[in-house]
Amino acid sequence: MAYLSKDTPGPTPNLADQVFWDYCQQRELRFQRCPACRRFRHPPTPVCPSCRSFEIEWVQATDIGVVFSFTIVHYAAHASIKSVVPYNVAIIDFPECGHARLVSNVIDVGPTEMHIGMQVSLVWEMAGNDMLVPRFRKKI
Amino acid sequence: MVPFGMFSPPIMIAPLVQRYVHEFGAQPEHFGEVALVCRENARRNPRAVMGDRALTMHDYLNSRMISEPLRLYDCCQENDGACALIVTTLERARDLRQKPVLILAAAQGGSAGWGDGALGSHNMPIEEYGLGNGASLAKELYQRAGVSPKDVDVVQVYDHFTGCVLMTLENFGFCGRGEAGPFVADGNIRWPNGSLPLNTSGGHLSEAYIHGLNLAVEGVRQLRGESSSQVDKAEVCLVTAGLTASPVSAALLGV
């Protein structure tokens, strides 16, 4: 069973992040890097904000990230999460990818155990719209 | 960010406050002090929505968690309401019945990268993550107005969440980085005796959430000498907008 309920809306890819989500469907987490100035960037954009290059390469991230920050959600602001509160929303940092960060969840860590600096490893879960989304487990 | 349960502003802002706590050791009582100051100011303001409801630190600390570390009283209200400002030349304003207040300077903008900030993917510049987007704007605002933080008599800070008030006090130079918690705990933002009375109408937390404009109106009241928590001899008032998004803005009002 996925961390959030199947009624929680899944990703809705747009022109800029379609490729990111396409890779996710192949269970590959990839971030954009500019071949010209080597800067990573996320979320995806068509132009490098540093050097304005239109060139893009997609670099596969390591499977290990770090909890940069997080919150434990207690108030159900959406009907689909009424049955799952309290749950966490975590900001996962990838230091080796220029500190690109993902908003995600750590699926096997309880509210009192969550902490900044925790190492987590990538897992794939199916969202309600049958798209794969990157989530994380405590690194063993 | 909806697929991961980031549905509402408290959930979007809470990780910034969590990071701020992690980096600087801010205590729940520091955030609570902001909530209490706003409520006490609201209690003197007949227009304030929360004007008839007292709030104690015990109430604050025991209020329910919304999105950790944000408790109920860390979050502003949602209200229907309206207010207005009339902006004109000083020459015209002098012919009107009300005492004119000057816009010493206004600035809008912020640091690069905050479009991917708290309301987006949380990929704003990592060194500013727990601080909000505002330090560069503050510098420019003071330069344009020709004043410095020590010239400011009273502040109206965008208090969508108490933690963002602490970040704003630092970004606008009223205390050093990470020092806003002890700064408010020392009574500095209390009316009437603090060095920098804050949100003297009750702010968004306790007057009403009219998306920043009620803060500007209260700034005008202070400089006209008409506030329900009037600061003695107030001549310069800072009014800020919410610093967790992009662009951000602020104004310095004077007489």
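Fair warning: this is a prediction, and the values are worked out from it, not measured in the lab.

Draft legend 1. Structural context of the overall build of chain B. Helices and strands together make up the secondary structure of chain B, namely nine helices and six strands. Scaling as 2.2 N^0.38, a compact globule of 255 residues should have a C-alpha radius of gyration of about 18 Å, and chain B matches this with 17 Å. Here the C-alpha coordinates of chain B stretch approximately 55 × 40 × 35 Å along the principal axes. Taken across its 255 residues, chain B has 56% of its residues classed as buried. Summarising the internal contacts of chain B: among those between residues at least 6 apart in sequence, 73% fall at separations of at least 24.

Draft legend 2. Representation of the packing of helix H2 (residues 28–43) of chain B against helix H6 (residues 162–171) of chain B. Residues and elements named next belong to chain B. Put simply, H2 and H6 touch, their axes get as near as 8 Å, and they point 95° apart. It follows from the interaxial angle that H2 and H6 lie roughly perpendicular. Across from His 30, Phe 31, Val 34 and Ala 35 in H2, the residues of H6 making contact are Thr 162, Gly 163, Val 165 and Leu 166. Here the contact of H2 with H6 is composed, by residue class, of five nonpolar, three polar and no charged.

Draft legend 3. The arrangement of the pairing of strand E1 (residues 30–33) of chain A in detail. Residue and element names in this part refer to chain A. Relative to strand E3 (residues 57–60), E1 runs antiparallel, the two sharing four bridges. The partner of Arg 33 across the bridge, within E3, is Glu 57. When E1 meets strand E2 (residues 40–41), the two strands line up antiparallel, connected through two bridges. The residue of E2 that forms the bridge with Gln 32 is Arg 41. Between E1 and E2, which follow one another and run antiparallel, lie six residues, and Arg 38 among them has a positive phi close to 70°.

Cut-offs applied
Throughout, a residue's number is its position along its own chain's written sequence, starting from 1. By the order in which they are written, chains take letters starting at A while ligands take numbers starting at 1. Residue-level local features of this predicted model are given only where pLDDT is at least 70; pairs of side-chain atoms are given and counted only at 80 or more, and the full residue set underlies all totals for whole chains, interfaces and linings. Starting at the N terminus, helices and strands are each numbered in turn, a helix being any DSSP run of H or I of at least four residues and a strand any DSSP run of E of at least two. Every radius of gyration here is taken over C-alpha atoms, with the globule rule written as 2.2 Å times N^0.38, N being the number of residues. Buried, partly exposed and exposed are defined by the number of other C-beta atoms within 10 Å of a residue's own C-beta, namely 20 or more, between the two limits, and 12 or fewer respectively, with C-beta atoms placed from the backbone. Here contacts are defined at the residue level, using C-beta atoms placed from the backbone and a cut-off of 7 Å between them. Comment: axis = line fitted to C-alpha atoms, over the contacting stretch for helices; angle = value between 0 and 180 degrees taken between N-to-C directions. These descriptions rest on fixed angle ranges, namely under 35 degrees for roughly parallel, over 145 for roughly antiparallel, 65 to 115 for roughly perpendicular, and the rest for oblique. Residues are grouped as follows: Ala, Val, Leu, Ile, Met, Phe, Trp, Tyr, Cys and Pro are nonpolar; Asp, Glu, Lys and Arg are charged; every other residue, Gly included, is polar. Pairing between two strands requires that DSSP report at least two bridges joining them.

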